[in-house]
Amino acid sequence: MPSFEEAREKVIATVRALRAPLEVETVELTRACGRVLAQPVVADRDYPPFDRSIRDGFALRSDDAVLGATLRCVGEIKAGGDFHGTVAPGECVQIMTGAAVPKGADAVVMIEQVSIDGDRVMLSRAVTRGQSIVARGKEARAGQQLLSSGTRLGYAEMALAGQVGVHHPNVFKRPRAAILSTGDEVVDVSATPGPLQVRNGNSVAIEALAGLTGAESDSLGNAPDEKTELRRRIERGLKANLLIISGGVSMGKYDLVELVLGELGTKFVFDSVAIRPGRPAVFGVCGGKPVFGLPGNPVSTMVTFELFVVPAIDLLSGAEPRPLPIFRARLAHALNERSELTHFLPARVRTVQGSPEVSALPWQGSGDIVALAESNAFLVVSPDKLNWEAGEMALVIPRRGLL
């Protein structure tokens, strides 16, 4: 039975080998957040396109910029404006942040470092050549590649693309994830459940996670614990880029997902992982498509989605898999676990005196969606160390979209 790290690497290697050339589309830049570039972004000109002041102050010649020097102010430049002339010895020009440094000047003194009397400007500090100036082309040269194909566009990347005129980037199409839940006890979230039924919150959560990760969803609804209908829905799901099934992967008499997948020719990569919750997680390839069988209890579903489905969606989006966002936090209390598996416990992280502190939440096992909703992270407990003292540093994975 593989560790979660080994299972994750198997998912990545398998999906990478499966990945065919991806389709490309053009979108408005304002709608491109989270999309993956299908072609590089290059600088259309030097950046900055001129010597740019990074301070409000006075542009001057560094040879004149000695402590106590008095210069005559001969003009003003605001961002986007111009100064028609050359700064001569003994002169300066008032300049605003972002404005182009005028001819003749090679430094900027901050306004806080001068005293002003009419057009006379006295320096209270010496200034060196190039001070408070970003030289033309210092950030990027015309034709320089700024973002490579495969880059996921966040707000900074979008701002950069916009600055160089890429207002309709070419991006890879989002992968489509078919989502299927199983179980006779499961009813739609809009239904009134019977005394022995539960509403289908899992599918809602998986669709939300798929969207947060970068995929579009095709809902296949819920399949009963019956082979014919389960097979029909799985075959339909295999038309998407990947298939995510929740429930029906444990060892019970009516857990039929592996059986039906096997009959459809699935090549299983793993059918259990050394984790709690989520041990019965299944991953394989059927008809050239990645197929995930996630345990049906909601905490198990969310943990295994984060560990195994996210890197697959990354690859099918045209990007490299994002690393697990693991960080360390100080334990607020002692912790004792029994099972020699890697535990992912619903937890709450807060900041205490500038450092993260984590508390495992009371929970009633992998079906406890109430505890999961109260958490903002998972506390990771290795099988190598099951007993922890308060104050020790432990590993934490944030719940996607919350930290």
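Preceding this section is the structure that the text describes.
The shown structure was predicted, so the numbers you read here are calculated from the model rather than taken from an experiment.

About the criteria used
Residues numbered from 1 in each chain as written. Predicted model: local features only at pLDDT ≥ 70, side-chain atom pairs only at ≥ 80, totals over all residues. Heavy atoms only, no water. Buried < 20%, exposed > 50% of the residue type's maximum accessible area, 1.4 Å probe, protein only. Helix = DSSP H or I, 4+ residues; strand = E, 2+ residues; numbered from the N terminus. Pairing = 2+ DSSP bridges. Contact = heavy atoms within 4.5 Å. Salt bridge = Lys/Arg side-chain N within 4 Å of Asp/Glu carboxyl O. Expected span 1.5 Å × (residues − 1). Core = buried A, V, L, I, M, F, W, Y, C linked by side-chain atoms within 4.5 Å. Phe/Tyr/Trp six-rings, centres within 6.5 Å; stacked < 30°, edge-to-face > 60°. Lys NZ or Arg CZ within 6 Å of the ring centre and 35° of its normal. Axes fitted to C-alpha atoms, helices over the stretch in contact; angles between N-to-C directions. Parallel < 35°, antiparallel > 145°, perpendicular 65-115°, else oblique. Left-handed = near helix turned anticlockwise from the far one by under 90°.

(A) Just the pairing of strand 17 (residues 242-246), in detail. The buried fraction of strand 17 is high, at five of five residues. Burial along strand 17 is two-sided: the residues Leu242, Ile244 and Ser246 and Leu243 and Ile245 are all buried. Bridge count between strand 17 and strand 21 (residues 289-294): four bridges; the pairing is parallel. Opposite Ser246, over in strand 21, you have Leu294 as the bridge partner.

(B) Here's a closer look at the environment of Asp46. Take Asp46: it is sitting in the loop between strand 2 (41-42) and strand 3 (52-53). You can call Asp46 buried: its relative accessible area is 13%. Residues Asp46 and Asn376, 330 residues apart in the sequence, show an inter-C-alpha distance of 44 Å. Apart from residues no more than four positions distant in its own chain, Asp46 is found in contact with Arg136, Gly137, Ala140, Arg141 and Ala142.

(C) Spatial organisation of the pattern of salt bridges. Using the criterion set out here, one finds 22 salt bridges in the structure. Residue Asp46 pairs with Arg136 through a salt bridge whose shortest N-O separation is 3.1 Å. Linking Asp46 in the loop between strand 2 and strand 3 with Arg136 in the loop between strand 10 (133-134) and strand 11 (145-147), this pair joins segments that are 90 residues apart in sequence.

(D) Main features of helix 3 (residues 201-213). Between the first and last C-alpha of helix 3 there are 18 Å, a value that for 13 residues agrees with the 18 Å anticipated at 1.5 Å per step. Downstream of helix 3 by one or two residues, Gly214 has phi in the positive range, about 120°.

(E) Up close: the side chain of Ser203. The topology assignment puts Ser203 in helix 3. Filtering out sequence-adjacent residues up to four positions away, Ser203 remains in contact with Ile179 and Ser181.

(F) Region of the structure containing the nonpolar core. Formed by 55 residues in total, the largest nonpolar core has its most connected members in Phe292, Phe305, Leu307, Phe308, Phe344 and Leu379. Counting residues per element, this core draws most heavily on helix 6 (residues 298-316), which supplies twelve residues. Apart from the residues within four sequence positions on either side, Phe308 is in contact with Phe4, Ala7, Arg8, Val11, Phe270, Val273, Ile275, Ala281 and Phe292. Counting residues in hydrophobic clusters, the runner-up holds 19 residues, among them Leu230, Ala240, Leu243 and Val291.

(G) Geometry of the packing of aromatic side chains. Per the stated rule, a full pass over the model turns up four aromatic pairs. Pairwise contacts between aromatic rings join Phe270, Phe283, Phe292 and Phe308 into one cluster. For the cation-ring pair, Lys385 lies above Trp388, with the distance from its terminal atom to the ring centre recorded as 4.9 Å.

(H) Broad picture of the sheet that holds strand 7 (residues 107-110). Taken together, six strands build an open sheet; the order of strands is 7-4-6-5-9-8 and the sheet is mixed. The two strands at the open ends of the sheet, each matched to only one other strand, are strand 7 and strand 8 (114-117). Sheet twist, expressed as the average angle between the axes of neighbouring strands with direction ignored, equals 40°. As paired strands, strand 5 (residues 70-77) and strand 6 (residues 91-95) are joined by four bridges and run parallel to one another. Bridging across to strand 6, Cys73 finds its partner in Cys92.

(I) Local environment of the side chain of Glu357. Locating Glu357 in the fold gives a position in strand 25 (residues 355-360). Residue classification places Glu357 among the buried residues on the basis of a relative accessible area of 15%. When near neighbours in sequence (up to four residues on either side) are disregarded, Glu357 contacts Ala329, Arg330, Ala332, Arg348, Val349, Arg350 and Val352.

(J) Inspection of the packing of helix 1 (residues 4-18) against helix 6 at higher detail. Where helix 1 meets helix 6, the axes come as close as 9 Å, and the angle between the chain directions of the two elements is 20°. As judged from the angle between their axes, helix 1 and helix 6 are roughly parallel. Between helix 1 and helix 6 lies a crossing of right-handed hand. Contacts between helix 1 and helix 6 involve Phe4, Ala7, Arg8, Val11, Ile12, Val15 and Arg16 on the former and, on the latter, Glu306, Leu307, Phe308, Pro311, Ala312, Leu315 and Leu316.

Note that all results are geometric; they support no functional claim without further evidence.
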